[in-house]
Each structure stands twice: as structure tokens, then as C-alpha cells.
Amino acid sequence: MEWGRAMGELSAAIDHLDIEDVSEIPRMQLAEQLLELHWQMARLQAQIARRTGVRLP
């Protein structure tokens with residue numbers, strides 16, 4: 001069920017950023033949130049690749 005958990009975490013992170021007024025977030029905190037979102041997406045892509053047999057050359 002790791003797949004479902006990863007999708008849930010990614011969805012929650014996107015939703016969290018979507019509802020925030022970014023003008024109220026300190027730039028450093030916003031950068032940290034965006035970096036974490038990037039890494040969550042990268043982990044999800046890696047899981048998809050493993051599950052589907054897709055490999056980079």
C-alpha cells in the first residue's frame with residue numbers, strides 16, 4: 001500500500017500549497033516546501049518506473 005500512501009502525501013502537499021497565499025509565506029519556507037514537493041514527485045516517478053518496468057537508458 002506504499003503506492004497509495006505516496007499518492008496521498010503528494011496530493012496533500014499539492015493541496016496545501018494550492019490553498020496558501022504564497023505572499024504570506026516566508027521565501028525560505030516556500031522554497032523548502034517546493035523542494036519537498038519536488039522530491040515527493042521524484043520518488044513517485046521512481047516508484048512508477050519500478051512498477052511498470054520503465055528504465056532510463
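Draft legend 1. Seen up close, the overall build of the protein chain. Of regular secondary structure, the protein chain possesses 2 helices and 0 strands. Of the roughly 4,800 Å² that the protein chain leaves accessible, carbon and sulfur atoms contribute 61%.

Draft legend 2. Broad picture of the side chain of Gln-40. Tracing the backbone through its elements, the reader meets Gln-40 in helix 2 (residues 27–52). The exposure class assigned to Gln-40 is buried, which follows from its relative accessible area of 14%. Contact partners of Gln-40, with chain neighbours within four places excluded, come to Glu-9, Leu-10 and Ala-13.

Draft legend 3. A look at the environment of Glu-2. Residue position: Glu-2 is located in helix 1 (residues 2–19). Overall, the relative accessible area of 43% leaves Glu-2 in the partly exposed class. It is 9.4 Å that separates the C-alpha atoms of Glu-2 and Gln-47, two residues lying 45 residues apart in sequence.

Draft legend 4. Examining the environment of Glu-36 more closely. Relative to the elements of secondary structure, Glu-36 occurs in helix 2. As a C-alpha pair, Glu-36 and Ala-13 span 23 residues in sequence and 8.6 Å in three-dimensional space.

Draft legend 5. Structural context of the nonpolar core. Counting 5 residues, the largest nonpolar core is built from Ala-6, Leu-10, Ala-13, Leu-37 and Leu-44. Among the secondary structure elements, those contributing two or more residues to this core are helix 1 and helix 2. Top element by residues in this core is helix 1. It accounts for 3 residues. Ala-6 has contacts with Leu-44 and Gln-47, leaving out every residue within four places of it along the chain.

Draft legend 6. Local environment of the pattern of salt bridges. Counting across every chain of the model gives 1 salt bridge. Between Glu-36 and Arg-43 there is a salt bridge whose closest N-O contact spans 3.2 Å. Of the residues examined, Glu-36 reaches a relative accessible area of 39% and is grouped as partly exposed.

So, how was this worked out
- Residues numbered from 1 in each chain as written.
- Predicted model: local features only at pLDDT ≥ 70, side-chain atom pairs only at ≥ 80, totals over all residues.
- Heavy atoms only, no water.
- Helix = DSSP H or I, 4+ residues; strand = E, 2+ residues; numbered from the N terminus.
- Areas by Shrake-Rupley, 256 points an atom, 1.4 Å probe, with all protein chains shown as cover.
- Buried < 20%, exposed > 50% of the residue type's maximum accessible area, 1.4 Å probe, protein only.
- Contact = heavy atoms within 4.5 Å.
- Core = buried A, V, L, I, M, F, W, Y, C linked by side-chain atoms within 4.5 Å.
- Salt bridge = Lys/Arg side-chain N within 4 Å of Asp/Glu carboxyl O.

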